[in-house]
Amino acid sequence: MDIVKSLGHPEEIFNLFKFKMGGCRTVMPKLDYESMSESLRTCYLYLNQTSRSFAAVIQALDGELRHAVCIFYLVLRALDTVEDDMTIPLEKKVPMLNDFHTYLYQANWCFTESHEKDRRVLEDFPTISLEFRNLGQAYQDVISDICHRMGVGMAEFLEKKVGSMKEWDQYCHYVAGLVGIGLSQLFSASQLEDPEVGKDTELANSMGLFLQKTNIIRDYLEDIQVARAFWPQEAWSQFACRLEDLAESDQLTSALSCLNLLVTDALRHVPDVITYLARLRNQSVFNFCAIPQVMAIATLSACYNNPQVFQGVVKIRKGQAVTLMMQATNMGAVQSIMAQYSQEMLQRVSLTDPSRDKTLFILGVIQERTLSQATLASRTAHLSPMYLSAAMILAALSWQYLSTTHTAHTHTGHCDLRNIN
């Protein structure tokens, strides 16, 4: 039960309760699905089916940008499904990835041979491509261009492993940095953000790299169990003969050293993330960009120097995720969150860790770019123990009641906690 996991965090319990009571509408307004065409409604259905992390924030975007980003996500989800499907032979997969952007203009193109869980976006690609062609030309140009560049990059890395740290950056650029660049160009094309947001590709790339590296670090065990390897060889070869050896119990010290090296590398993107977010002016765009980034630094903090990365799944609590989602709506709050988690990592840096100096340096830079500890402390309300105890009991009882009645009122696009973790 989500509330039990947050018992030691009263603020999370309050926010879980608030979220369940409708607080989610402050960051995820209800959409008017009835006014949409059938094909567009279907696209939003696929969005909710294929994305837990991004469906909610995409649907909170303003105006026509919402539809453009929804279609952008589904096109790239279809492309990614081709890349992930190990049953497609390389001689078929490589041309598909290279040519995928052309399928956007082929009304009847679909692919029915995938065995991936998200194969529906390939089987019904004509619905997605129809809505793509219904977008304004500026949006079409961005989506087609990013799809083309990403497909070429994916094809390149199908036939080679991620070796050097530079290649790790390159791979993450292809699969995530380009997403950040494309989104930024969509923001500017919508005129909700200034042209410079779309033009500064370096900052946009860092937004994607920070998210992707966090996911790769967190998913170590899941990936090696299906023979996927995304940790760069230049990093893990310093500590083990094989990447999978890091999961062995007698290799824990080496495993943590490798983990901390990669976390430190991911953290170097945070200053760019802060600069990027500070430029945004539209509230819905800010929420869309900020929420995944604060989730990422919370996840990275949970992974840092944590043996569980090699033994199971490291996830932040749903109460923690809800709290981050509801707080990360302005730059001051985001800076405070970044400061909090960088401070948590700072306190766990080992004296013997090989990356200690680099870790301390980048965490120091992040601390300088964020709020003072005095401001940080003000984020948490100072409540009396008696009040907190009463609030926790009330929240627990209310949560149980709401959980049993909520299913009677669910509908497409509802505020589901499964969509935020």
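Everything below is about the structure shown above.
Residues numbered from 1 in each chain as written. Predicted model: local features only at pLDDT ≥ 70, side-chain atom pairs only at ≥ 80, totals over all residues. Heavy atoms only, no water.

Draft legend 1. View of the overall build of the protein. Counting its regular elements, the protein contains 22 helices and 0 strands. Across the 421 residues in the protein, those meeting the buried criterion constitute 53%. Put simply, 74% of the contacts in the protein that link residues at least 6 apart link residues at least 24 apart. Summed over its atoms, the accessible surface of the protein is roughly 18700 Å², and 53% of this surface lies on carbon and sulfur atoms. (Helix = DSSP H or I, 4+ residues; strand = E, 2+ residues; numbered from the N terminus. Buried < 20%, exposed > 50% of the residue type's maximum accessible area, 1.4 Å probe, protein only. Contact = heavy atoms within 4.5 Å. Areas by Shrake-Rupley, 256 points an atom, 1.4 Å probe, with all protein chains shown as cover.)

Draft legend 2. Looking closely at empty space enclosed by the protein. Enumeration over the complete set of coordinates arrives at 2 cavities of 30 Å³ or more. Together, Ile-216, Asp-219, Tyr-220, Asp-223, Ile-224, Arg-228, Ala-229, Phe-230, Trp-231 and Leu-243 line the second largest cavity. By residue number, the principal contributor to the lining of the second largest cavity is helix H13 (residues 220-224), which donates 3 residues. Along the lines of polarity and charge, the residues of the lining of the second largest cavity split into 7 nonpolar, no polar and 3 charged. (1 Å grid on protein atoms, 1.4 Å probe; cavity = no way out; pocket = protein on both sides within 12 Å on 5 of 7 lines; lining within 4 Å. Points joined across faces, edges and corners; volume = space filled by probe spheres on them. Nonpolar A, V, L, I, M, F, W, Y, C, P; charged D, E, K, R; others polar.)

Draft legend 3. Structural view of the pattern of salt bridges. Within the structure shown, the criterion is met by 18 salt bridges. With its nearest N and O atoms 3.2 Å apart, the salt bridge here joins Arg-228 to Asp-223. On the basis of relative accessible area, Arg-228 is assigned to the partly exposed category, the value being 26%. For Asp-223, a relative accessible area of 7% puts it in the buried group. Each of Arg-77, Asp-80, Lys-117 and Asp-118 takes part in a single network of salt bridges with overlapping partners. (Salt bridge = Lys/Arg side-chain N within 4 Å of Asp/Glu carboxyl O.)

Draft legend 4. Quick look at the packing of helix H5 (residues 63-84) against helix H8 (residues 125-133). With their axes 10 Å apart at the nearest point, H5 and H8 run at an angle of 140 degrees to one another. With respect to H8, the element H5 is oriented oblique. As H5 packs across H8, the resulting crossing turns out to be left-handed. The segment H5 lies against H8, with Ile-71, Leu-74, Val-75 and Ala-78 engaging Phe-125, Ile-128, Glu-131 and Phe-132. Residues that form the contact of H5 with H8 fall into these classes: 7 nonpolar, no polar and 1 charged. (Axes fitted to C-alpha atoms, helices over the stretch in contact; angles between N-to-C directions. Parallel < 35°, antiparallel > 145°, perpendicular 65-115°, else oblique. Left-handed = near helix turned anticlockwise from the far one by under 90°.)

Draft legend 5. Main features of the side chain of Thr-81. Relative to the elements of secondary structure, Thr-81 occurs in helix H5. Setting aside chain neighbours within four positions, we find Thr-81 in contact with Ser-114, Glu-116, Asp-118, Arg-119, Val-121 and Leu-122.

Draft legend 6. Summary view of the side chain of Lys-93. The topology assignment puts Lys-93 in helix H6 (residues 90-99). Of the side chains with opposite charge, Asp-85 lies nearest to the buried Lys-93, which makes no salt bridge, at 6.0 Å. At a separation of 2.7 Å, a polar atom in the side chain of Lys-93 contacts the main-chain carbonyl oxygen of Asp-85. Aside from chain neighbours lying at most four places away, what touches Lys-93 is Val-82, Glu-83, Asp-84, Asp-85, Met-86, Ile-88 and Leu-158. (Lys, Arg positive; Asp, Glu negative; His and termini not counted. Polar contact = N/O pair within 3.5 Å; in protein donor to acceptor, adjacent residues only side chain to side chain.)

Draft legend 7. Layout of helix H18 (residues 318-327). Most of H18 sits out of view: 9 of its 10 residues are buried. Taken together, the buried positions of H18 are occupied by Gly-319, Gln-320, Ala-321, Val-322, Thr-323, Leu-324, Met-325, Met-326 and Gln-327.

Draft legend 8. Layout of the nonpolar core. Ranked by size, the top nonpolar core spans 125 residues in total, and within it Phe-100, Ile-217, Trp-231, Leu-246, Tyr-276 and Leu-277 carry the most contacts. Excluding residues that lie within four positions of it along the chain, Tyr-276 makes contacts with Ser-184, Phe-187, Val-197, Leu-203, Ala-204, Met-207 and Cys-289. (Core = buried A, V, L, I, M, F, W, Y, C linked by side-chain atoms within 4.5 Å.)

Draft legend 9. Fine view of the packing of aromatic side chains. Throughout the structure, instances matching the rule amount to 13 aromatic pairs. Seen from their ring centres, Tyr-103 and Trp-109 are 4.0 Å apart, and the 10 degrees between their planes marks the pair as stacked. The exposure classification of Tyr-103 matches that of Trp-109, with both residues buried. Judged by centre distance (5.3 Å) and plane angle (20 degrees), the ring pair of Tyr-171 and Phe-230 falls under stacked. One end of the pair, Tyr-171, is in helix H10 (residues 165-189); the other, Phe-230, is in the loop between H13 and helix H14 (233-236), with 59 residues separating them in the sequence. In this structure Tyr-171 comes out as buried when scored by relative accessible area, which is 5%. By way of ring pairs, the aromatic residues Phe-100, Tyr-103, Trp-109 and Phe-125 are connected into one cluster. Directly above the aromatic system of Phe-157 lies the positively charged group of Lys-160, at a separation of 4.7 Å from the ring centroid. (Phe/Tyr/Trp six-rings, centres within 6.5 Å; stacked < 30°, edge-to-face > 60°. Lys NZ or Arg CZ within 6 Å of the ring centre and 35° of its normal.)

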